[in-house]
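Architecture and fold: a report
Next come the chains, spelled out residue by residue.
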Amino acid sequence: DLSENALGEKGVRALESTLGSFTELEEVSFYNNGLSELSLKLLAEYLPTGSLKRIHFHNNMSGNGGAVALANMLKNAAMLTDVRMSSSRVRPDGGCELIKSIGTHTHFLTKLNLGDSMFGESGAQALTETLPKLLNLEELVLRDTGLEEEGLEALLVCLGNPEVVPNLKLLDLSILEVGCDENAQRVGAICSLRKHLNHLKLEENELETSGALKLLVGLGNPMSCSLETIDLRTNQIGRVGANAMVEYFLKTPAGKKIELNDNQISSDGLNAIQNLIKDKPDLLGSLDENEPEMDEDDEDDAEDDLNYISSLLEASLKLS
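Residues numbered from 1 in each chain as written. Predicted model: local features only at pLDDT ≥ 70, side-chain atom pairs only at ≥ 80, totals over all residues. Heavy atoms only, no water.

1. Some details on the overall build of the protein
A count of helical and extended segments in the protein gives 12 helices and 9 strands. In terms of overall dimensions, the protein is globule-like: its C-alpha atoms have a radius of gyration of 22 Å, near the 20 Å expected for 320 residues. With the principal axes as the frame, the protein shows a C-alpha extent of 70 × 40 × 35 Å. In the protein, which comprises 320 residues, the share counted as buried stands at 51%. Pairs at least 24 apart in sequence give 86% of the contacts found in the protein among residues at least 6 apart. Counting every atom, the protein has about 14,300 Å² of accessible surface; 46% of that belongs to carbon and sulfur. Each charge sign in the protein was given a centre, from 27 positive and 54 negative side chains, and these centres are 8 Å apart. (Helix = DSSP H or I, 4+ residues; strand = E, 2+ residues; numbered from the N terminus. Rg over C-alpha atoms; globule rule 2.2 N^0.38 Å. Buried < 20%, exposed > 50% of the residue type's maximum accessible area, 1.4 Å probe, protein only. Contact = heavy atoms within 4.5 Å. Areas by Shrake-Rupley, 256 points an atom, 1.4 Å probe, with all protein chains shown as cover. Lys, Arg positive; Asp, Glu negative; His and termini not counted. Charge placed at Lys NZ, Arg CZ, Asp CG, Glu CD.)

2. Considering the packing of aromatic side chains
A full pass over the atoms with the stated rule returns 1 aromatic pair. For the pair F30 and F57, a centre-to-centre distance of 5.5 Å together with 10° between the ring planes defines the contact as stacked. Separated by 27 residues along the polypeptide, F30 in strand β1 (residues 27-31) and F57 in strand β2 (residues 54-58) bring together distant segments of the chain. For the residue pair F30 and F57, the accessibility class agrees, reading buried in each case. (Phe/Tyr/Trp six-rings, centres within 6.5 Å; stacked < 30°, edge-to-face > 60°.)

3. What to know about the packing of helix α7 (residues 148-159) against helix α8 (residues 182-192)
Running from N to C, α7 and α8 cross one another at 25°; their axes reach a closest spacing of 9 Å. Taken together, α7 and α8 sit at an angle that is classed as roughly parallel. Judged by the sense of rotation from one axis to the other, the crossing of α7 with α8 is left-handed. When α7 is examined against α8, the residues L152, E153, L156, V157 and L159 are found in contact with a partner set consisting of N183, R186, V187 and I190. Of the residues belonging to the contact of α7 with α8, the class tally is 6 nonpolar, 1 polar and 2 charged. (Axes fitted to C-alpha atoms, helices over the stretch in contact; angles between N-to-C directions. Parallel < 35°, antiparallel > 145°, perpendicular 65-115°, else oblique. Left-handed = near helix turned anticlockwise from the far one by under 90°. Nonpolar A, V, L, I, M, F, W, Y, C, P; charged D, E, K, R; others polar.)

4. Topic: the layout of surface pockets
Where empty space is left in the structure can be found by rolling a water-sized probe over the atoms. In this model, the second largest pocket occupies a volume close to 250 Å³. Along the wall of the second largest pocket there are 16 residues; nearest its centre are E148, E149, L152, L176 and E177. For the lining of the second largest pocket, the secondary-structure elements that each account for two or more residues are α7 and α8. Broken down by element, the residue count for the lining of the second largest pocket peaks at 4 residues, all from α7. When its residues are assigned to classes, the lining of the second largest pocket shows 4 nonpolar, 4 polar and 8 charged. (1 Å grid on protein atoms, 1.4 Å probe; cavity = no way out; pocket = protein on both sides within 12 Å on 5 of 7 lines; lining within 4 Å. Points joined across faces, edges and corners; volume = space filled by probe spheres on them.)

5. Here we look at helix α4 (residues 63-74)
End to end, α4 covers 17 Å across 12 residues, agreeing with the expected 16 Å (1.5 Å per residue, within 8%). The buried fraction of α4 amounts to 9 of the 12 residues, a majority that puts the element mostly inside the structure. Those residues of α4 that sit buried are G63, G65, G66, A67, A69, L70, A71, M73 and L74. Where the residues of α4 are buried, they touch α3 (37-46), β2, β3 (82-86) and α5 (92-105). (Expected span 1.5 Å × (residues − 1).)

6. Digging into the pattern of salt bridges
Taken as a whole and judged by the stated rule, the model has 12 salt bridges. The closest approach of N and O atoms between D172 and R143, which form a salt bridge, is 3.1 Å. You can see D172 sitting in strand β6 (residues 170-172) and its partner R143 sitting in the loop between β5 (139-141) and α7, a full 29 residues away along the chain. Taking the relative accessible area as the measure of exposure, D172 reaches 3% and is therefore buried. D231 is paired through a salt bridge with K201; the nearest N and O atoms lie 3.4 Å apart. (Salt bridge = Lys/Arg side-chain N within 4 Å of Asp/Glu carboxyl O.)

7. Looking at the environment of L155
Summarising the element assignment, L155 is placed in helix α7. Separated by 27 residues in the primary sequence, L155 and T128 place their C-alpha atoms 5.9 Å from one another. The residues touching L155, leaving out its near neighbours within four places in the chain, are L127, T128, L131, L142, L147 and L173.

8. Notes on the pairing of β2
In terms of burial, β2 is largely enclosed, as 4 of its 5 residues are buried. Where β1 and β2 come together, 5 bridges link them in parallel fashion. Pairing of E27 across the sheet is with R54, part of β2. The β-α-β motif built from β1, the intervening α3 and the parallel element β2 has right-handed crossover chirality. Two elements, β2 and β3, share 5 bridges in a ladder whose sense is parallel. Each bridged residue has a counterpart across the sheet, and for I55 the counterpart in β3 is V83. Crossover handedness for the path β2 to α4 to β3: right-handed. (Pairing = 2+ DSSP bridges. Right-handed = clockwise from strand over helix to strand, strands pointing away.)

Below you can see the structure in the form of structure tokens.
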């Protein structure tokens, strides 16, 4: 772990002989190292990758060229189980090459973090081609990857196939502009189809109350839901959506924590939620950044929405 050192190109060159001496290197991490494209290309030459199981790059400035360099490293790293390339200024061209290399060379992968990149629609398409090959994947982090509207839809449709990454346990789709439309319901359906999926992160999206309710429709029967944690912070969710989420999660057998901070839950809504969780107070995370004055849930619309979701969930219970 060489993180938090201002290595740059000169530092990487100074490591050539040291890195080359590790004949059975299994894990390597470079966080906040100021690594440029050239630095990554040098590491591709110096690092012995044959025994690598974990390779992490985070918060560097290596860009597309760095992503291509990592893609080349993967060609001789068949034992990898954990790959991270995040916050490193990766754009669509480099991202596509990296994603394709992951699908070709990392068949034992269990963890993949590509967060804070800018893949665009082409990167999303590359993901739809690669993910079906990652049969052992357990953790997928795609937060803030700029997939664009059609790219996001294509990804969610891909993940809607239960044979794609069937062993997934954690899914992070934060900061992807998941809104109050069909995509919210698609996310819920993805979870309902995966009995191993325990953790869903959707923070900083645009669900609002209507999207939260659509998410619940996709999740279906709460007794069949395997989620232990769900993160819905910063989604403009009002009183109705928040209450429905908490009430649903209380009915799930595995539910341990729901995060709803930095939403728009009215004071009455907060009181209702506190009453719901009085026998299970640890279920709800902090609400210290909630904005009750921003709650715009309309009473009549709220009743219509709740009747709608109740009828759908009752139908789901009967079918199961």
